[in-house]
Amino acid sequence: MPVPSIGGQALKRMFRAGLESLSQDVELINMHNVFPVPDGDTGINMYHTLKRAYQEIDRLESDDISVIAQRFAYGALMGARGNSGTILSQLLKGFADGLGESPILIPSLLKSACQAAVKQGYASVSQPTEGTILTVAREASESLSLRHSENVSLRMMLKSLIRAAQASLENTPNLLPILKDASVLDAGGMGLVSLLRGMAGGRARWRAGRPKTGGDIPTAVEGAESFGYDVQFLMIGEGLDVARTRRDLEELGWSVIVAGDQATIKVHIHADNPAIPLDYAVKTGAALDDVVVENMELQHQRHLSSVRRGTAQSDALSSDVAVIAVAEGDGLRTVFRGLNCSKIISGGAGRNPAAEDFINAIKNLASNCVIILPNNRNIVLAAQQAADLAVDRQVKVLATDNVLQGIGAMLAFGDASDSGADLEAALAQMSAASAEIRSIEITQAVRNTRFRELSINQGDYIAIVDGEIRAASEEIETAVLDAFSSLDIEDVELVTVYYGAGVSGVESEQLIKRIRMAVEGLECESIYGGQPLYPFLISVE
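Residues numbered from 1 in each chain as written. Predicted model: local features only at pLDDT ≥ 70, side-chain atom pairs only at ≥ 80, totals over all residues. Heavy atoms only, no water.

Chemist: Honestly, the pairing of strand β9 (residues 438-444) in this entry has me stumped. Any pointers?
Modeler: If a strand is regular, its side chains alternate between the two faces of the sheet. Burial runs high along β9: five of the seven residues are buried. The sheet contact formed by β9 and strand β12 (residues 461-465) spans five bridges and is antiparallel. When the sheet's bridge partners are listed, Ile-440 is paired in β12 with Val-465. (Buried < 20%, exposed > 50% of the residue type's maximum accessible area, 1.4 Å probe, protein only. Helix = DSSP H or I, 4+ residues; strand = E, 2+ residues; numbered from the N terminus. Pairing = 2+ DSSP bridges.)

Chemist: What am I meant to see in the pairing of strand β14 (residues 494-499) here?
Modeler: With respect to burial, β14 is a largely interior element, five of its six residues being buried. With six bridges joining them, β14 and strand β15 (residues 523-528) adopt parallel strand pairing. Of the residues in β15, the one forming a bridge with Thr-496 is Glu-525. You can see the chain leave β14, run along helix α21 (residues 505-518) and come back into β15, and the turn it takes is right-handed. (Right-handed = clockwise from strand over helix to strand, strands pointing away.)

Chemist: Mind showing me how you'd approach the pattern of salt bridges here?
Modeler: Think of it this way: side chains of opposite charge can pair up when their charged atoms draw near. Counted under the stated rule, the structure contains 19 salt bridges. Of the charged contacts in the structure, one is a salt bridge between Glu-56 and Arg-71, with a shortest N-O distance of 2.3 Å. With Glu-56 in the loop between α3 (42-55) and α4 (65-79) and Arg-71 in helix α4, this residue pair connects regions lying 15 residues apart in the sequence. Between Arg-138 and Glu-139 there is a salt bridge; the shortest N-O distance is 4.0 Å. Taking relative accessible area as the criterion, Glu-139 reaches 25% and is therefore assigned partly exposed. A cluster of three or more residues bridged by salt bridges with shared partners is formed by Arg-52, Glu-56, Arg-71 and Glu-356. (Salt bridge = Lys/Arg side-chain N within 4 Å of Asp/Glu carboxyl O.)

Chemist: Can you walk me through the sheet that holds strand β7 (residues 369-373) in this structure?
Modeler: The strands that make up a sheet are held in pairs by hydrogen bonds between backbone atoms, and each pair lies either parallel or antiparallel. If you trace the four strands from one edge of the open sheet to the other, you get β6-β5-β7-β8, paired in parallel fashion. Taken across any chain shown, the strands that pair with only one partner, and hence form the sheet edges, are β6 (343-346) and β8 (394-397). Strand-to-strand, the axes of this sheet are offset by a mean angle of 20 degrees, without reference to chain direction. Across the sheet, helix α19 (residues 423-435) touches β5 (321-327), β7 and β8, and the angle it forms with β7 is around 15 degrees. (Axes fitted to C-alpha atoms, helices over the stretch in contact; angles between N-to-C directions. Contact = heavy atoms within 4.5 Å.)

Chemist: I would appreciate a short explanation of the packing of aromatic side chains in the present structure.
Modeler: In this description, an aromatic ring pair is defined by two values, namely the gap between the centres and the angle between the planes. A full pass over the atoms with the stated rule returns three aromatic pairs. Relative to Phe-72, the ring of Phe-15 lies with its centre 3.9 Å away and its plane at 5 degrees, an arrangement referred to as stacked. Taken together, the positions of Phe-15 in helix α1 (residues 8-24) and Phe-72 in helix α4 put the pair 57 residues apart, joining distant regions of the chain. With a centroid separation of 5.4 Å and an interplanar angle of 85 degrees, the aromatic rings of Phe-35 and Phe-451 are classed as edge-to-face. Taken together, the positions of Phe-35 in the loop between α2 (26-30) and α3 and Phe-451 in strand β10 (residues 449-451) put the pair 416 residues apart, joining distant regions of the chain. Phe-451 shares its class with Phe-35; the two are buried. (Phe/Tyr/Trp six-rings, centres within 6.5 Å; stacked < 30°, edge-to-face > 60°.)

Chemist: Sorry, what's going on with a nonpolar patch on the surface here?
Modeler: On the surface, Val-282, Leu-288, Val-291 and Val-293 cluster together into a nonpolar patch covering about 290 Å² of accessible area. With respect to the helices, strands and loops of the structure, Leu-288 is situated in strand β4 (residues 287-295). For Leu-288, a relative accessible area of 30% puts it in the partly exposed group. (Patch = residues over 30% accessible without salt bridge, like charges linked within 9 Å, V, L, I, M, F, W, Y side chains within 5 Å. Areas by Shrake-Rupley, 256 points an atom, 1.4 Å probe, with all protein chains shown as cover.)

Below, the structure is given as structure tokens:
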């Protein structure tokens, strides 16, 4: 018998089933990122976005769909990670708004809510690109417009949504040549299809209990996770299993992010007892390196004290411009601290912070004017979403594509501060300085692929120049030198090599010697960055 309507608790179970479905597809989604880099994290970002969303409704007993949907959307907005997670959160916000104040979901309302979701999703991106999650959402929604009648059940509408979404997903390579070249589907669209399939299946097998996501989902406390300890470390060994490590660590804490390959795994986890995840890693036989343990409760209290002190000080201090930057690696974080960055959020490639991380950082600053440096193109939308939600501060996002541009921006920030520049003037100087930085990022391919004219094998070193793969080689020095040959370096004055975790200063100096031999007259310097997954980040200016 067709289901004419459902209430809030049924919708909650559907959301839970969607989260479970996505959790099972994380690795598959990650493998459909265009770049074959070890930080392919679309699946991770979408999963953590939805996981944070579910925290908001986990113990919500309301049977009003508008209440459930709005709280779920709020959690997604707060937990949005990466561009895909941020767009997904906007789709959910539009869906919730489209429900209005209705207590039940009926077919005609599902149709209008899906249309509202698409409108919100497209509006959230300044230049929407077809062949992405937005296209999949739009074409799925349009299937309801074409097929809807008063006699269609919710079940049939969901099936229509899924069929259209799947067809749209399979067509994404025809809309985006870069997907066809890499022989992948759009990863964000794949995540949306997984969510919808889970939600449809969830209606058919409703059951009590929590979703099987590798561990209990912590209850939200005033829109934030509990504090505990922030634990970060590298696992180094042979034959390491990234997927199993992630599943195991999900049982031991929350906000778990695991990225890497069989030789090196970067772990981030929040836990009540930091010894537990560290003990787990040691027992796997892996060697540990770059271990960072931070007491988040103490940090929170210090921030609150700082805010209270700052509020009591002069208006001049509270109007100062503060900078929040994202950086991964103890060396890079030290660089930003030395450049008077007010707050550094740990994260970057493979570990994108959520919008909520930026919001909390903004709240804990005394300054009324804040500039955010996301330092990764996949973090820009989440940072902007946080800026839009921080209504009590003047927050600007400088869309730095990588940490090298962020360092250039911070150098300009120092000059702007010395000259007494206001927010807009400082932002303009920082933007101009970051635009002058040419970047070379070196990492290893996680799969065989083609990128334009390049044939890339798993394990090859790839050189990403200004956001585009320009070179690939079995030898790291060859990849670096090929990257330099693709640059116009007539006006280059300084090359700075930031060497990452697992790379020695001697190896960095050897690379610099090769660069100097290939390109005469360059001034080069080597700085420890400690970043995972990317053995070398090279700034060219």
